[in-house]
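Residue-level listing of the chains:
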Number of protein chains: 2
Amino acid sequence: MSTTEIRRRGGRSGSEARRAARSRGQGTLAPYISRKIPYYEVLNEEGLAIIEHNADTILEEIGIDFRDDAEALQIWRDAGADVQGERVRMPRGMCRKLIQENAPREFTQVARNPERSVRIGGANTVFVPAYGCPFIHNLDDGRRYGNIEDFRNFVKLAYLSPSLHHSGGTICEPVDLPVNKRHFDMVYSHMKYSDKCFMGSVTHPERAQDTVEMAKILFGDQWIDPETGKPRTAVINLINANSPMTFDDTMLGAAKVYARNNQACVVTPFILAGAMSPVTVAGTAAQTLAEAMAGMAFVQLVNPGAPVVFGSFASSMSMQSGAPTFGTPEPALVLYVMANLARRLGVPFRSGGSLTASKIPDAQAASESANTLLPTALAGVNFALHTAGWLEGGLAMGYEKFIMDADQAGMMQTLMGGVDMSENGQAMDAIREVGPGKHYLGCAHTQANFENAFYRSPIADNNSFEQWDAEGRQDMAQRANTRWKRMLAEYEAPEIDPGVDEALQAYMRRRKESFPDSNI
Amino acid sequence: MSTTEIRRRGGRSGSEARRAARSRGQGTLAPYISRKIPYYEVLNEEGLAIIEHNADTILEEIGIDFRDDAEALQIWRDAGADVQGERVRMPRGMCRKLIQENAPREFTQVARNPERSVRIGGANTVFVPAYGCPFIHNLDDGRRYGNIEDFRNFVKLAYLSPSLHHSGGTICEPVDLPVNKRHFDMVYSHMKYSDKCFMGSVTHPERAQDTVEMAKILFGDQWIDPETGKPRTAVINLINANSPMTFDDTMLGAAKVYARNNQACVVTPFILAGAMSPVTVAGTAAQTLAEAMAGMAFVQLVNPGAPVVFGSFASSMSMQSGAPTFGTPEPALVLYVMANLARRLGVPFRSGGSLTASKIPDAQAASESANTLLPTALAGVNFALHTAGWLEGGLAMGYEKFIMDADQAGMMQTLMGGVDMSENGQAMDAIREVGPGKHYLGCAHTQANFENAFYRSPIADNNSFEQWDAEGRQDMAQRANTRWKRMLAEYEAPEIDPGVDEALQAYMRRRKESFPDSNI
């Protein structure tokens, strides 16, 4: 059977396939990944125990600063920590005990479409778009500041990407909107243009509260879980440490709001190794563990049982220029170690993604991203922020990069599905049928399996040089450019209850009007 | 301490560093990698045992064709196999036993510079340039047929790349030379322009013999190892199976020449899954194991104890077009499984590299290559052919791609060094010295360690957007273009004994003149 025959017998034409994909919505892949492959671990028990010991030494001897938050310091004092000024020293084992006795090992973040709810922790991986970029980049405009239209575009692209399980948070900063109000439009965009889970505002406790109020409106009578009597976890939020060994009042304020409402906090030491931590993997790991444990333990003191995620973000550094570097081997080693430590602690883990220092979606961007995303998959990251779009050390959100990364995330999903060891997977009938010197294209097993046998990239070019030449010699970024434009052109919004939509808009209007410099 | 200070105090200027590198030769990295990180394994004992059972079933029930080689068939008959025509069926366990009782678990391939000899097998990894490309590609010429100057250029570039441990074999086909004589010039180029290990000709038994004769001249009185009385292993050679389940007379003829001279044979089923094997990972793995075991057992029958390497090359396939696809998840799973099976068998393993279907050194090339090279490192490949230069499914050898891949191979070397758990690696003094809210740039530990703390890519751009913009907005391929040109301009050949050189040239001249269509 020729490959043309294969296509004719079993393949769908492009337009048929697109129609089918639309009618299925984005449900063709699972709402999140449940891994069937082992974890990759680089340290043995002895090495891990040393790092855990060192982290406890940091907490006990050096301590963590909780800045400008008298309530936080009082909470620590009441819990029995040694508080001197803003410095909190925790007795050896205290943070670990608080976390292990209270924090859930895994939890569900609910989406307004229940089919898109995600399970965070355990053997599960959730791929999430990039976060926090002031600029956007695409082949048409180059690099420029992001705006709310870009923000909506990326929400739509994530909604349309089966390999991305989450809508993310501050996908890009909509700098055309006032700083003190843009969180409304960001949160609303996630709610309106997608039905996947999303992240809340953390830039001020009031904005965290706004996020919670809007989630209450969105979920209505689904907000409270009747089984627990507590709010369902509908928002997940990024609480960064100011490494080394410091939490500031903004982050602590947002963490308290979310914790008290049973919303999830991802406590992440954000580390440029060499500047915010030692230049070594083991030193960075111990400090990250200490900081993350302090933050997660604090959340458990605020509201025992509130969901937390152990976050780690560690880049290496160019010792020539001081610039952060990504996709290098040292951060990958940190990632493997931290994922292992999180499993031992018994909490979900956030790290990884598709990180790069490149300004454009070139080979540097692709290899640095792959050298982050593959460890993300193998190490067992549960919440993989920055999986799609990251460029320029997080300063820019790339349209083409987003498409390329989503493709890679799809590959990771297949990889994490592992090896099919069923009778069909073993394929001994095929080997018997074909025999030496023949080919498998036409055999019964190939015909029965070819359609889903191999991951299909929508943007890789596997054609002959001649065909590629005839089609205009496009590189991958150019093909990705074509793809995101077609996706946006074909986008159809998920339905939302008009009453809920109106209530959300009314809330935003009212709150925006309450600001002195109101100019909605 | 500012980063400028860091540079001033400890950094070398570019020209100083280049001078230092030249005076050290290429010895700044180890001659090969000895891994300090665990293997990544995707299957459990049960899964591996099933595949081993299936491979034995293939050998016993279906058999392997040994084509057009009466001697090979007689060797099998004498060994007790069931030979019907060209079909050889081996009793269950026979091949495994032949291999385990005779083949070395690891061996040394000697280089003319003993410091560049490589240990193949065990915990060691050797990165080797790509092999067999008829075309070359660079940004200046685009894609064109390769010639002997290209061949020499790549030998020089591999010699100058500390992360590449080997000179490779048919780096590109020098199509400007007659087919029946170009092997002389290829082998001579490796001997003359590099002092790293190299691969021999396999396209005809006579050419294999020429390779051996030239190696004898090159090594002179070092050719025979006085301890064993046998020739040292100075050449390693690629013996591909014609999958499915076939070896042809060309490959068998070359294998016999090399085996009888104690030179190494890499027995590699070359598989485009879906065409030459079933479309499944487990089916491809069983067939690969069966074919590789048959080939390696044959070598042991020819000369018990001759070094063999278990090879696996498996690509996936576009089921739309029939084109091979690379860097997809399925071949990565095959790679992890095969490496594991090779360890269980107790022989060195060859697979992986930096494979891609892309025609140019773009993001597709980079991500597909990374998705092959990182599994190469984690799975435990011992002989990583195709690590540098591969483009277009092996049809083209890329100059820029070579530079990019060599950079990635350097990163793998660091990764495989694992985590430094020494006191200095733990860096607790640094954490104590700095404390909350400060930075590590100026601390004693950073000053003592920064120069070698992080892998430094020579072609990644980690600068600010503004600086990158001011420097011409180059992508990684353009920076790689600058680099290979500078490397070739600065190349200095390793010394070779003039008498040996003259003897090699005399041998070639004599042999070339013996061909009827001689036009040297």
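The structure this text deals with has already been given above.
Sequence order as written defines the numbering, with residues in each chain counted from 1. Each chain is given a letter, starting from A, and each ligand a number, starting from 1, according to the order in which they appear as written. Where local features are concerned, this predicted model is filtered to residues with pLDDT of at least 70; where side-chain atom pairs are given and counted, the filter is 80 or more; whole-chain, interface and lining totals use all residues. For the side-chain quantities, the full set of heavy atoms in the structure was used; hydrogens and water were omitted.

A. Up close: the packing of helix α12 (residues 363–379) of chain A against helix α13 (residues 399–416) of chain B. Note on definitions: angles span 0 to 180 degrees between N-to-C directions of axes, and those axes are lines fitted to C-alpha atoms, for helices only across the stretch in contact. Labels follow the DSSP assignment, with helices taken as runs of H or I lasting at least four residues and strands as runs of E lasting at least two, numbered in each case from the N terminus. Put simply, α12(A) and α13(B) touch, their axes get as near as 12 Å, and they point 25 degrees apart. Classified by the angle between their axes, α12(A) and α13(B) sit roughly parallel to one another. The chirality of how α12(A) crosses α13(B) is right-handed. Judged by residue contacts, A:A363, A:S367 and A:N371 of α12(A) engage B:M404, B:Q408, B:M411 and B:M412 from α13(B). Here the term charged refers only to Asp, Glu, Lys and Arg, the term nonpolar to Ala, Val, Leu, Ile, Met, Phe, Trp, Tyr, Cys and Pro, and the term polar to all other amino acids, Gly among them. Grouping the amino acids of the contact of α12(A) with α13(B) by side-chain chemistry returns four nonpolar, three polar and no charged. Any angle between 65 and 115 degrees counts as roughly perpendicular, while under 35 counts as roughly parallel, over 145 as roughly antiparallel, and the rest as oblique. Working rule for handedness: look at the near helix, and if it is turned counterclockwise from the far one by less than a right angle, call the crossing left-handed; if clockwise, right-handed. Throughout, a residue-residue contact means that at least one pair of heavy atoms, one from each residue, lies within 4.5 Å.

B. Broad picture of the packing of aromatic side chains. Residues and elements named next belong to chain A. For Phe, Tyr and Trp, rings pair up if their centres lie within 6.5 Å, where Trp contributes its six-membered ring, and each pair is then called stacked (planes under 30 degrees apart), edge-to-face (over 60) or tilted (otherwise). All told, the structure shown has 35 aromatic pairs over all chains when counted by the stated rule. For the pair F154 and F402, a centre-to-centre distance of 5.5 Å together with 50 degrees between the ring planes defines the contact as tilted. Within this pair, whereas F154 is found in helix α6 (residues 148–159), its partner F402 is found in helix α13 (residues 399–416), the two being separated by 248 residues in sequence. Only protein chains enter the area calculation, which uses a 1.4 Å probe; residues under 20% of their type maximum are buried, those over 50% are exposed, and those in between are partly exposed. Judged by relative accessible area, which is 0%, F154 ranks as buried. Take F402: its relative accessible area is 0%, and that puts it in the buried class. Where F465 meets W468, the ring centres are 5.6 Å apart and the plane angle is 50 degrees; that geometry is what we call tilted. Linking F465 with W468, this pair stays in helix α17 (residues 465–470), spanning three residues, or about one helical turn. On the basis of relative accessibility, which here comes to 10%, the residue F465 falls in the buried class.

C. Broad picture of the sheet that holds strand β4 (residues 87–89) of chain A. Residue and element names in this part refer to chain A. The strand order β3-β4-β2-β12 describes an open sheet built from four strands, whose pairing is mixed. Of all the strands in the sheet, the pair left with one neighbour each is β3 (82–84) and β12 (246–247). In this scheme, strands are said to pair when DSSP sees at least two bridges between them. Pairing analysis gives three bridges linking β3 to β4, with the strands arranged antiparallel. Paired with Q84 across the strands is R87, a residue of β4.

D. Main features of the nonpolar core. The nonpolar core is taken to be a set of buried Ala, Val, Leu, Ile, Met, Phe, Trp, Tyr and Cys residues, with the residues joined through side-chain atoms within 4.5 Å. Residues A:F66, A:W76, B:F66 and B:W76 are the most contacted members of the largest nonpolar core, which totals 339 residues. The residues touching B:F66, leaving out its near neighbours within four places in the chain, are B:A72, B:L73, B:W76, B:E86, B:V88, B:M90, B:F247, B:L252, B:A294 and B:F298.

E. Molecular detail of the interface of chain B and chain A. The partner chain A presents 118 residues to the 118 residues of chain B that form the contact. Buried area: the accessible surface (1.4 Å probe) lost by two parts on joining, summed over both. Contact between chain B and chain A buries roughly 9,300 Å² in total, counting both sides, with carbon and sulfur atoms accounting for 68%. A salt bridge links A:E466 to B:R143, with the nearest nitrogen and oxygen atoms 3.8 Å apart. Class assignment for the residues of the side of chain B that touches chain A results in 61 nonpolar, 36 polar and 21 charged. Here a salt bridge means any side-chain nitrogen of Lys or Arg lying within 4 Å of a carboxyl oxygen belonging to Asp or Glu.

F. Looking closely at the environment of B:R483. All names here are of chain B. Structurally, R483 can be placed in helix α18 (residues 476–490). For R483, a relative accessible area of 22% translates into the label partly exposed. Each C-alpha atom, one on R483 and one on Y399, is 9.8 Å from the other, the two residues being 84 residues apart in sequence. In this structure, R483 is in contact with I403, P458 and I459, ignoring residues within four places of it in sequence.

G. Structural detail: the pattern of salt bridges. Summed over the entire model, instances satisfying the criterion amount to 60 salt bridges over all chains. One salt-bridge network, held together by shared partners, links A:E45, A:E52, A:R96 and A:R344.

H. Examining the relation of the copies chain B and chain A more closely. Copy-to-copy superposition: least squares on the C-alpha atoms, limited to residues that have pLDDT of at least 70 in both copies. Superposing chain B onto chain A takes a rotation of 180 degrees combined with a translation of 0.0 Å along the rotation axis, leaving an RMSD of 0.0 Å. One copy is carried onto the other by what is essentially a two-fold rotation axis. Closest approach to the rotation axis among the C-alpha atoms of chain B is made by B:A363, whose C-alpha sits 2.1 Å away. When the interface residues of chain B are mapped onto chain A, 100% of them again lie at the interface, so the same face is used by both copies.

I. The arrangement of the environment of B:W484 in detail. All names here are of chain B. Assignment of secondary structure puts W484 in helix α18. Sequence separation between W484 and L301 is 183 residues, and the spatial gap between their C-alpha atoms is 45 Å. Ignoring any residue separated from it by four or fewer positions in sequence, one finds W484 in contact with N138, D140, L157, Y399, E400 and I403.

J. Examining helix α11 (residues 329–345) of chain A more closely. For α11(A), which comprises 17 residues, the first-to-last C-alpha distance of 25 Å matches the rise-based estimate of 24 Å (1.5 Å per residue) to within 8%. Looking one or two residues past α11(A), A:G346 carries a phi angle of roughly 90 degrees, positive in sign. The length a helix should cover is 1.5 Å for every residue beyond the first.

K. Layout of the sheet that holds strand β20 (residues 396–398) of chain B. Residue and element names in this part refer to chain B. Taken in spatial order, the four strands line up as β9-β8-β20-β19 in an open sheet, and their pairing is mixed. Bordering the open sheet on either side are β9 (142–145) and β19 (390–391), each of which pairs with just one other strand. Examined bridge by bridge, strand β8 (residues 135–138) and β9 share four bridges and lie antiparallel to one another. Each residue of the ladder has a partner; that of F135, found in β9, is Y145. Strand contacts of α13: β8, β19 and β20, with the helix running at about 60 degrees to β20, the strand carrying the most contacts.

L. Quick look at the state of the cysteines. The rule for a disulfide is simple: a pair of cysteine sulfur atoms within 2.5 Å. Applying the stated criterion across every chain, the model contains zero disulfides over all chains. A:C265 provides the cysteine sulfur closest to A:C95, a residue in no disulfide bond, and the two sulfurs are 15 Å apart.

M. Summary view of the environment of A:L177. Residues and elements named next belong to chain A. By secondary structure assignment, the location of L177 is in the loop between α6 and α7 (182–193). Put simply, L177 and I148 are 29 residues apart on the chain and 7.4 Å apart in space, counted from C-alpha to C-alpha. Contacts of L177, omitting those with residues within four sequence positions, involve I148, R182 and D185.

N. Main features of the side chain of B:H165. Residue and element names in this part refer to chain B. When you line up the elements, H165 lands in the loop between α6 (148–159) and α7 (182–193). On the accessibility criterion, H165 (2% relative accessible area) is buried. Polar contact is the term for a pair of N or O atoms within 3.5 Å; when the atoms are in protein, one must be able to donate a hydrogen and the other to accept it, and sequence-neighboring residues count only if both atoms are side-chain atoms. Only 2.9 Å separates the side chain of H165 from the backbone nitrogen of F127, close enough to count as a polar contact. Engagement of the side chain of H165 in a polar contact is seen with the side chain of Q413, the distance being 3.2 Å.

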